[in-house]
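Close look at the chain arrangement
For reference, the chains in residue letters:
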Amino acid sequence: MAEAEIRFLFVDVGFGNATFVFTPAEEILLLDTGSVHTADRLLAFMEQNAIPRIDYLVASHFEDDHMGAAFKIAERVPILNYVDHGESAVYGKSDEWWGERRFGFHAGAEKRDTERYDNYVAVRNKARHIPMKVGDRAPIQGLEMLVVSGGGKELTRPLEGAGQPNPHCAGIDQRTEDDAEDGQSMGVVARHGKFRFIYLGDLTWNAANRLFCPRNLIGAVDAYLITHHAQSLPGEMGAYYHGISSCPPSEVFGLAPRVAILSLGPGGHRRGTSEAIQTVHKVPGCDLWQTNYVREGGEAGYNGAQPYIANLGEKSEKIPFLELIARADGSFTMTNSRNGFTKQYPPRAN
Ligand SMILES: [Zn+2]
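Residues numbered from 1 in each chain as written. Predicted model: local features only at pLDDT ≥ 70, side-chain atom pairs only at ≥ 80, totals over all residues. Heavy atoms only, no water.

The amide bond that connects C213 to the next residue, P214, takes the cis arrangement and shows omega of -5°. Locating P214 in the fold gives a position in the loop between α6 (205–212) and β12 (215–216). Here E26, not a glycine, exhibits a phi torsion of approximately 65°, which is positive. Looking at the element boundaries, E26 is found in the loop between β2 (19–22) and β3 (28–31). Positive phi outside glycine occurs at C247, with the angle close to 60°. (Helix = DSSP H or I, 4+ residues; strand = E, 2+ residues; numbered from the N terminus.)

Here the focus is the sheet that holds strand β16 (residues 309–311). Strands sit in the order β8-β7-β10-β11-β13-β14-β15-β16 across an open sheet of 8 strands; the sheet is mixed. Looking at the sheet topology across the chains shown, the edges are occupied by β8 (153–154) and β16. (Pairing = 2+ DSSP bridges.)

Another aspect to go through is the coordination of the zinc ion. Put simply, the ideal angle at a metal is 109.5 degrees for four donors in tetrahedral geometry and 90 or 180 degrees for six donors in octahedral geometry. In this structure, D65 (OD), H66 (NE2), D202 (OD) and H229 (NE2) serve as the protein donors to the zinc ion, at separations of 2.1 Å. When the donors of the zinc ion are listed by position in the chain, the intervening gaps give D-H-x135-D-x26-H. Of this pair, H66 sits in helix α2 (residues 64–67) while D202 sits in the loop between β11 (195–199) and α6; the two residues are 136 residues apart in sequence, bridging distant segments of the chain. Accessibility expressed as a relative area gives 0% for H66, which makes it buried. (Donors = N, O, S within 2.8 Å, 3.2 Å for Na, K, Ca; no water. Buried < 20%, exposed > 50% of the residue type's maximum accessible area, 1.4 Å probe, protein only.)

What follows is the structure, encoded as structure tokens:
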């Protein structure tokens, strides 16, 4: 390679996240696996794109749409290192506890989650486990990946160059804390020269506001993999659910991304509103790229321009994805696998 580049592939796994990152040192990361239900799809994607192994599986948190496929992938492809926030915060919780935290909950429903975590830990135990805490830097070659949230904690000191007062904190409400897995999400900032990428998993309302208010501890980024698939739940659903909304304006405007990537799936958010994605639509100069066209769950409020959407719901043998190639000067290129639509982003001014 003439110049060191970082390559991201945002795979269409429906509702969930699965993002490959290829470092200049030719190490392969998988940032979340997507659900167990799309494990075969992810494996097909790896075959189609000749991805032979995973050096680092970075699991943002222990929910099915982020790590459920790990044990299935590990049956077929080597996964050498498991990077995560440690242990599940919800493992073994009672039906009563869960009843307050999951809509449509019925007794015994959490057995599935317990099994999935057991399956994950079983394969993790066969490889190297790298638990990470806030402030840690992942031991990955050629890519600086910093942990900014995780296990219910957030960064308290600004990243280099950040820490300015955030004008988008005014009027932001305090909500109920999330003690389930979303609120434990391990958020990471990846840096390659001047290029900045952020992914906060499914980090929830209050935790995000601690990162961005009153001072913006992160600063601006180039690419933002949208937190929690842009989930907003209305106050009428109750205090707990309202608190597991994500993407407050302090975060979205504070990051001022040039591209925002939505991995939501065609079904949208059951019972959610499009408030969070509306915030993203309002960021000046930011393009919204999507793995899926959102057909349900307030579609009118979600979708951006079609050339930027990888899967419009048509049948295709090739698993759709979005590609981002980043260079150390901060410039990057986005490409949609469906139509070959590509856009160049010059280095950020300043
Ligand atoms: Zn999720």
